[in-house]
Amino acid sequence: MKRDYYEVLGISKSASQKDIKKAFRRLAKKYHPDSAVGLSQDRAEEAFKEINEAYSVLSDSNKRKMFDHGGFRGNYNNFHSGFTTYSSSSKRDLIRNKLAEKQSFSINQFAFELRVEVSNLTKMLLIMIKKGLVKGKILQGQFIHN
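Remember, predicted model here, so these are calculated numbers, not experimental data.

**Student:** Honestly, the overall build of the chain in this entry has me stumped. Any pointers?
**Tutor:** In terms of regular secondary structure, the chain is built from 7 helices and 3 strands. Reading the secondary structure of the chain in the N-to-C direction produces α-α-α-α-α-β-α-α-β-β. Across the 146 residues of the chain, 32% fall into the buried class. Considering only contacts within the chain whose residues lie at least 6 apart along the sequence, 46% involve residues at least 24 apart. Accessible surface, the chain: about 9600 Å² in total, of which carbon and sulfur atoms supply 49%.

Structural data, given as structure tokens:
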């Protein structure tokens, strides 16, 4: 598994865009394969790729937000597919399991985890409640299990 991108760039999670860019430039200059001193060509290329990958995620506010929410599961080349994704049948199974645990949950966060629109998840939950498949209610963006 890849290292934490903040660790790669040597910055804190609260770093500003300016701090991210500054760290990237410093490290890119140090590890550029054409100018790296004291490193093998392969090691310099590997480090340079990792620095570029970290910068490309942390410099983009949307990608950084997803990374900070812990959804990242792979390398940048598969960034979107690296997030937990589910087919529609496994989404239903996941919802059933969540409901079977008799836990309340935030619809927004759960929708983000499933990568579905909140309105679609809300509609699905309302149908399940109406058909008596689950006991609960939706109140202020929360599913509350009875």
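**Student:** What is the right way to look at the packing of aromatic side chains in this model?
**Tutor:** Aromatic ring pairs are reported here in terms of the distance separating the ring centres and the angle at which the planes meet. Using the criterion set out here, one finds 3 aromatic pairs in the structure. Joined through ring pairs, the aromatic side chains of Tyr5, Tyr6 and Phe67 make up one cluster.

**Student:** Looking at this structure, how should I read the pairing of strand 3 (residues 142-145)?
**Tutor:** Both faces of the sheet carry side chains from a regular strand, because those side chains alternate between them. Of the two faces of strand 3, only one is covered, namely that formed by Phe143 and His145; the face formed by Gln142 and Ile144 stays uncovered. Bridge analysis of strand 2 (residues 136-139) against strand 3 gives 4 bridges, and the strand direction is antiparallel. Within strand 3, the residue paired with Ile138 across the bridge is Phe143. In sequence, strand 2 turns back onto strand 3 through a hairpin of 2 residues, with Gln140 there showing a positive phi of about 50°.

**Student:** Can you help me understand the sheet that holds strand 1 (residues 105-106) in this one?
**Tutor:** Neighbouring strands of a sheet are bound in pairs by backbone hydrogen bonds; such pairs are parallel or else antiparallel. Read across the open sheet, the 3 strands follow the order 1-3-2; overall the sheet is antiparallel. Both edges of this open sheet fall to strand 1 and strand 2, since each of them pairs with a single strand only. As paired elements, strand 1 and strand 3 share 2 bridges and run antiparallel to each other. Note that in strand 3 the partner of Phe105 across the bridge is Phe143.

**Student:** Even after reading the chapter, I still don't get the packing of helix 3 (residues 41-58) against helix 4 (residues 61-68), so can you show me in this structure?
**Tutor:** Helix-helix packing is characterised by the crossing angle of the two axes and by the distance between the axes. Closest axis-to-axis distance for the helix 3/helix 4 pair is 6 Å, and the angle between their directions is 100°. Relative to helix 4, the element helix 3 lies roughly perpendicular. When helix 3 is examined against helix 4, the residues Ser56, Val57 and Leu58 are found in contact with a partner set consisting of Lys63, Arg64 and Phe67.

**Student:** I'm lost on the environment of Glu46 in this one. Help?
**Tutor:** Position of Glu46 among the secondary structure elements: in helix 3. Linking Glu46 and Tyr31, residues 15 residues apart in sequence, is a C-alpha distance of 9.0 Å.

**Student:** Teacher, can you tell me more about the nonpolar core here?
**Tutor:** Nonpolar side chains in soluble globular proteins generally cluster together in the buried interior. Judged by nonpolar contacts, the single largest core of 19 residues is most densely connected at Tyr5, Leu9, Ile11, Ile20, Ile51, Leu58 and Phe67. Of all the secondary structure elements, the ones that give two or more residues to this core are helix 1 (5-9), helix 2 (17-31) and helix 3.

**Student:** Sorry if this is basic, but what is going on with helix 3 here?
**Tutor:** Along an α-helix, a turn takes 3.6 residues, which lines up residues three or four apart on a common side. End to end, helix 3 covers 26 Å across 18 residues, agreeing with the expected 26 Å (1.5 Å per residue, within 8%). Of the positions making up helix 3, those classed as buried are Ala44, Ala47, Phe48, Glu50, Ile51, Glu53, Ala54, Val57 and Leu58. Buried residues in helix 3 make contact with helix 1, helix 2 and helix 4.

Conventions we followed
- Residues numbered from 1 in each chain as written.
- Predicted model: local features only at pLDDT ≥ 70, side-chain atom pairs only at ≥ 80, totals over all residues.
- Heavy atoms only, no water.
- Helix = DSSP H or I, 4+ residues; strand = E, 2+ residues; numbered from the N terminus.
- Buried < 20%, exposed > 50% of the residue type's maximum accessible area, 1.4 Å probe, protein only.
- Contact = heavy atoms within 4.5 Å.
- Areas by Shrake-Rupley, 256 points an atom, 1.4 Å probe, with all protein chains shown as cover.
- Phe/Tyr/Trp six-rings, centres within 6.5 Å; stacked < 30°, edge-to-face > 60°.
- Pairing = 2+ DSSP bridges.
- Axes fitted to C-alpha atoms, helices over the stretch in contact; angles between N-to-C directions.
- Parallel < 35°, antiparallel > 145°, perpendicular 65-115°, else oblique.
- Core = buried A, V, L, I, M, F, W, Y, C linked by side-chain atoms within 4.5 Å.
- Expected span 1.5 Å × (residues − 1).

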